[in-house]
Amino acid sequence: MQQKEDLVKNVFDSVFDKYDLMNDIMSLGIHRLWKKDLIYLLNPSINTKLIDVGCGTGDIGKLFIDATNNNCEILCVDPNKNMINACKKKFVNFKNIKWEKSYAEKLKASSNYFDYYTISFGLRNTNNLNKSISEAYRVLKKGGRFLCLEFSKIDNSNLNFLYKNYSKLIPLFGKIVVGEKEPYEYLIESINKFVNQNELIKIMKKNKFQNCTYKNLSGGIVAIHSGWKL
Ligand SMILES: C[S@@+](CC[C@H](N)C(=O)[O-])C[C@H]1O[C@@H](n2cnc3c(N)ncnc32)[C@H](O)[C@@H]1O
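What you see is a predicted model; the values in this text were computed from it and never measured.

(A) Geometry of unusual backbone geometry. If you check the backbone angles, Asn47 has positive phi at about 60° while not being a glycine. For Asn47, the location among the structural elements is in the loop between α3 (30–42) and β1 (48–53).

Here it is as structure tokens:
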């Protein structure tokens, strides 16, 4: 476990300053549409509270502020100091936001507090899916919603073939843009190892989430999982 924690820390320590640029290059900008879809599905009400775990540079928080017309409270959580600092730079004009340096598996946040819990491309990096999802359940209030955007499994074999071959190029882009290919080898490996859509639904149900569903985007390259604390 410690090994994975150190590995993930090193990965994000190496890429934090080029993180946004690399996301645009690798996904050809499509990650922005996936994140917009997440917020569209969430359809947040004004004056609500969001906890965004694995916040990285804060894309989800930004979209949440827009969707609630600035009437919201946000807690951004990430274990990586460099990512949190990069995130803070994006929110200089928004005051109703706090940061917490911690892991999805052991949040410091209060129980039964948030209306929404989001985790975008973060769950794959955690050490323990069960613990992370049970912590999500704990911090949500009754009636609160969990949404996870994450790489998933592609159904169509032709698309899968194209995607797998495209993925092989990603470490090369990493070498050119960031100067290192290893973080992007980790990215591909972690995507391959991650659970499929139905396995994630099972873990959510096991942790008491109800009305659990998922929506594939881009043919299942990524999926958005949704569950409710009722
Ligand atoms: C791929 S980035 C995603 C950032 C952002 N949410 C986005 O969608 O662009 C993954 C983030 O998860 C963080 N992370 C790694 N391990 C974590 C853990 N155990 N719990 C919470 N976040 C973690 C990393 O530091 C990194 O900032």
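So much for the structure itself; the text now carries on.
(B) The arrangement of the sheet that holds strand β3 (residues 97–100) in detail. What the seven strands build is an open sheet, ordered β3-β2-β1-β4-β5-β7-β6; its pairing is mixed. Looking at strand neighbours, the two that pair on one side only are β3 and β6 (210–217), the edges of this open sheet. The mean angle between the axes of side-by-side strands here comes to 15°, regardless of whether they run parallel or antiparallel. Bridge analysis of β6 against strand β7 (residues 222–228) gives six bridges, and the strand direction is antiparallel. Note that in β7 the partner of Gln210 across the bridge is Trp228. Helix α6 (residues 129–139) rests against β1, β4 (114–120) and β5 (140–151) of the sheet, and its axis sits at about 145° to β5.

Procedures and definitions
- Residues numbered from 1 in each chain as written.
- Predicted model: local features only at pLDDT ≥ 70, side-chain atom pairs only at ≥ 80, totals over all residues.
- Heavy atoms only, no water.
- Helix = DSSP H or I, 4+ residues; strand = E, 2+ residues; numbered from the N terminus.
- Pairing = 2+ DSSP bridges.
- Axes fitted to C-alpha atoms, helices over the stretch in contact; angles between N-to-C directions.
- Contact = heavy atoms within 4.5 Å.

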